[in-house]
Amino acid sequence: MGPLGALAVAGAGFFAGTINTVVGSGSLVTYPVLVALGYSPLVANVSNTIGLAPGSVSGSIGYRRELVGQRSRMLHLGAYGVAGGLAGGGLLLAAPKAFSAIVPGLILLAAALMAFQPRIARWLRARQDAKQVHPDDPPPLPHRRGVLPVLVFATGVYGGYFGAAQGVILLALLGLFLDDTLQRLNGLKNVITALVNGMAAVLFAFASSPAWGAAGILALSSIVGAQFGAAMARRIPERVLRAVIVVGGLTIGIVLAVRQA
C-alpha cells in the first residue's frame with residue numbers, strides 16, 4: 001500500500017468513525033476502499049473490523065454523558081452482543097469462501113437500510129411522542145422485553161460477520177423495546193456495537209491474517225473521527241453524508257455482484 005492508498009484509508013477511517021458514532025454504516029465506506037486497494041474480500045472484512053473497533057470504543061466515550069444510569073442495560077444487552085459478535089466472527093472464519101458470494105447482497109442490504117434510516121428515525125420519534133401523550137400506558141410486556149436480548153444477539157451475529165448498518169438495526173430495536181430518548185439510546189447503541197466489533201476483532205486478530213498496516217491506519221483515524229462525530233457531526237448535513245454512503249454502497253454492491261456472476 002503506497003502513500004496515496006494510506007491516505008485513502010485514513011480518510012475513509014475518519015469518515016467511518018464519524019458516521020458510525022452518529023448513524024452507523026461506516027463499513028460501507030471503509031470496506032470498498034480496502035477492496036479497491038487490492039485486498040481480498042475476506043482480508044478486507046477482517047481488517048476493517050479490527051481497524052474500526054477502536055473507533056467504536058472512542059464513540060462510546062464521546063457519548064458517556066448519555067450513558068449515565070444505563071449500566072444494567074449495557075451489561076445485560078452487551079453480553080448478548082458479545083456472544084453474537086463471537087458467533088458471527090466464528091461463522092465467517094468457518095466458511096470463508098461463502099463470504100465472497102454473500103457480501104454483495106450484504107452490502108446492498110446495508111445500503112438500503114442506510115437509505116431508509118430517516119424513516120426509521122421518524123418512526124422512533126413518533127413512537128416517543130405518543131408515549132409522552134399517553135404517559136400512563138402500561139410498560140412493555142415481560143415477553144417483549146425478553147425478545148430484545150435475542151434480537152441484540154442476532155444483530156451481533158450479523159455485526160461479527162460483516163457489520164455494515166449494524167448500528168441502524170440496533171437503534172431501531174432499542175427504540176422499539178426501550179422507553180428513553182434517542183440520544184441515550186444512541187449512546188447505548190454505540191456501546192453494544194463497540195462490544196460486538198471488539199469481540200470479533202480479537203477473534204480475527206488471533207485466528208485470521210488481517211492486513212495490519214491498513215487496520216492500524218483505520219484504528220487511528222476512526223478514533224479521531226469518532227470523537228469528531230460525537231462533538232460536531234450533527235452540524236454536517238446528514239442528507240449529504242447519507243447520499244454519499246448509499247450511492248457508494250449500491251455501486252460497490254452491484255460491481256461485486258456482477259463479478260460474482
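Given the structure is predicted, the values throughout are model-derived calculations rather than measurements.

S.K.: Mind showing me how you'd approach helix 4 (residues 71-94) here?
M.R.: One turn of an α-helix holds 3.6 residues; hence residues three or four places apart share an orientation. In this model, helix 4 (24 residues) spans 34 Å end to end at C-alpha, consistent with the 34 Å of a helix rising 1.5 Å per residue. By the burial criterion, the buried members of helix 4 are Leu 77, Gly 78, Gly 81, Gly 84, Gly 85, Gly 88, Gly 89 and Leu 92.

S.K.: Before we go on, may I ask you to explain the packing of aromatic side chains in this structure?
M.R.: Given two aromatic rings, their pairing is described by the distance between the two centres and the angle made by the two planes. On inspection of all chains with the given rule, the structure shows 4 aromatic pairs. Ring geometry for Tyr 31 and Phe 162: centres 5.6 Å apart, planes at 85°, overall edge-to-face. Taken together, the positions of Tyr 31 in helix 2 (residues 27-36) and Phe 162 in the loop between helix 6 (142-161) and helix 7 (166-177) put the pair 131 residues apart, joining distant regions of the chain. In this structure Tyr 31 comes out as buried when scored by relative accessible area, which is 1%. The rings of Tyr 31, Phe 99, Tyr 161 and Phe 162 are connected pair by pair, giving a single aromatic cluster.

S.K.: How should I be thinking about the nonpolar core in this particular structure?
M.R.: Formed by 28 residues in total, the largest nonpolar core has its most connected members in Tyr 31, Phe 99 and Phe 162. Going through the elements one at a time, helix 2, helix 3 (41-62), helix 5 (96-133), helix 6, helix 8 (182-207) and helix 9 (212-231) are the ones with two or more residues in this core. Take this core: its biggest share by element is 6 residues, from helix 5. Apart from the residues lying within four places of it in its own chain, the contact partners of Phe 99 are Tyr 31, Pro 41, Leu 42, Asn 45, Leu 92, Tyr 161 and Phe 162. Leu 148, Val 152, Leu 178 and Val 196 belong to the second-largest nonpolar core, a separate cluster that totals 13 residues.

S.K.: Explanation requested: the environment of Phe 14 in the structure shown.
M.R.: Note on placement: Phe 14 falls in helix 1 (residues 3-22). Note: C-alpha distance between Phe 14 and Val 224 (210 residues apart in sequence) is 6.4 Å. Beyond its immediate chain neighbours, meaning those up to four positions away, Phe 14 contacts Ser 221, Ser 222, Val 224, Gly 225 and Phe 228.

S.K.: It is not clear to me how the packing of helix 3 against helix 8 should be interpreted in this structure. Could you clarify?
M.R.: Relative orientation and spacing of two packed helices are given, respectively, by the angle between their axes and the distance between those axes. Interhelical geometry of helix 3 versus helix 8 gives an angle of 145° and a closest axis separation of 8 Å. Remark: the crossing between helix 3 and helix 8 carries left-handed chirality. For the pair helix 3 and helix 8, contact is made by Val 46, Thr 49, Ile 50, Ala 53, Ser 56, Val 57, Gly 59 and Ser 60 and by Asn 190, Val 191, Thr 193, Ala 194, Asn 197, Gly 198, Ala 200, Ala 201, Phe 204 and Ala 205, respectively.

S.K.: What exactly am I supposed to notice about the environment of Leu 148 here?
M.R.: Mapped onto the elements of the fold, Leu 148 is located in helix 6. Here Leu 148 falls in the buried class, since its relative accessible area comes to 4%. Taking the C-alpha atoms as reference, Leu 148 lies 9.7 Å from Tyr 80; in sequence the two are 68 residues apart. Discounting residues that sit within four places of it in the chain, Leu 148 has contacts with Leu 77, Leu 173, Leu 174, Phe 177 and Leu 178.

What counts, and at which threshold
Residues numbered from 1 in each chain as written. Predicted model: local features only at pLDDT ≥ 70, side-chain atom pairs only at ≥ 80, totals over all residues. Heavy atoms only, no water. Helix = DSSP H or I, 4+ residues; strand = E, 2+ residues; numbered from the N terminus. Expected span 1.5 Å × (residues − 1). Buried < 20%, exposed > 50% of the residue type's maximum accessible area, 1.4 Å probe, protein only. Phe/Tyr/Trp six-rings, centres within 6.5 Å; stacked < 30°, edge-to-face > 60°. Core = buried A, V, L, I, M, F, W, Y, C linked by side-chain atoms within 4.5 Å. Contact = heavy atoms within 4.5 Å. Axes fitted to C-alpha atoms, helices over the stretch in contact; angles between N-to-C directions. Left-handed = near helix turned anticlockwise from the far one by under 90°.

Geometric descriptors of this kind do not, in isolation, establish any biological role.
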